[in-house]
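Architecture at a glance
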Amino acid sequence: DNDVKQKPLSKKPEGCKDVYIGGLSSSITQEDVRDLFKDCGEIEEVILSMDNETVRCKGFGHIRFKETESTDKAVEIRGTFFMGRFIKVDYSASKKKKGKNSSSAKGGGKSKSKTDKGA
């Protein structure tokens, strides 16, 4: 491992295909993320949280993979030194949950995310 403090890895949700990525450089692009995670499996979508004024990454985002097994490979990258920062990677519950509590979505705020579906 490395000397950077990492939160303990979350329990993987059943069928999880999404990972949270944090500690990112403000100059990172979706192409950089795709390149770093390309060996984990087929990526369906990269979403970086962008600052509306500077149009730079706020330092975090999400990756959706085609297969759930890809997330296991992705979390192994956590703590990697990339573009001058130690990155964080963790399992993320899909926002498209089914069930009783599906309407309890958290969020709001005025930030917008830049989405990339395919390359």
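Described in the following lines is the structure provided in the data block.

Parameters at a glance
- Residues numbered from 1 in each chain as written.
- Predicted model: local features only at pLDDT ≥ 70, side-chain atom pairs only at ≥ 80, totals over all residues.
- Heavy atoms only, no water.
- Pairing = 2+ DSSP bridges.
- Helix = DSSP H or I, 4+ residues; strand = E, 2+ residues; numbered from the N terminus.
- Buried < 20%, exposed > 50% of the residue type's maximum accessible area, 1.4 Å probe, protein only.
- Contact = heavy atoms within 4.5 Å.

With that out of the way, let us pick up the pairing of strand β3 (residues 57–65). As paired elements, strand β1 (residues 18–22) and β3 share 5 bridges and run antiparallel to each other. Along β3, the bridge assignment pairs Gly22 with Phe60. When strand β2 (residues 43–50) meets β3, the two strands line up antiparallel, connected through 6 bridges. Within the sheet, the bridge partner assigned to Val46 lies in β3 and is Ile63. Connecting the antiparallel pair β2 and β3 is a turn made up of 6 residues, with Val55 showing a positive phi of about 55°.

On to the environment of Pro13, then. Here Pro13 lies in the segment before β1. Residue Pro13 is classed as partly exposed on the basis of its relative accessible area, which comes to 29%. Each C-alpha atom, one on Pro13 and one on Tyr91, is 7.5 Å from the other, the two residues being 78 residues apart in sequence. Setting aside residues up to four positions removed in sequence, Pro13 forms contacts with Tyr91 and Ala93.

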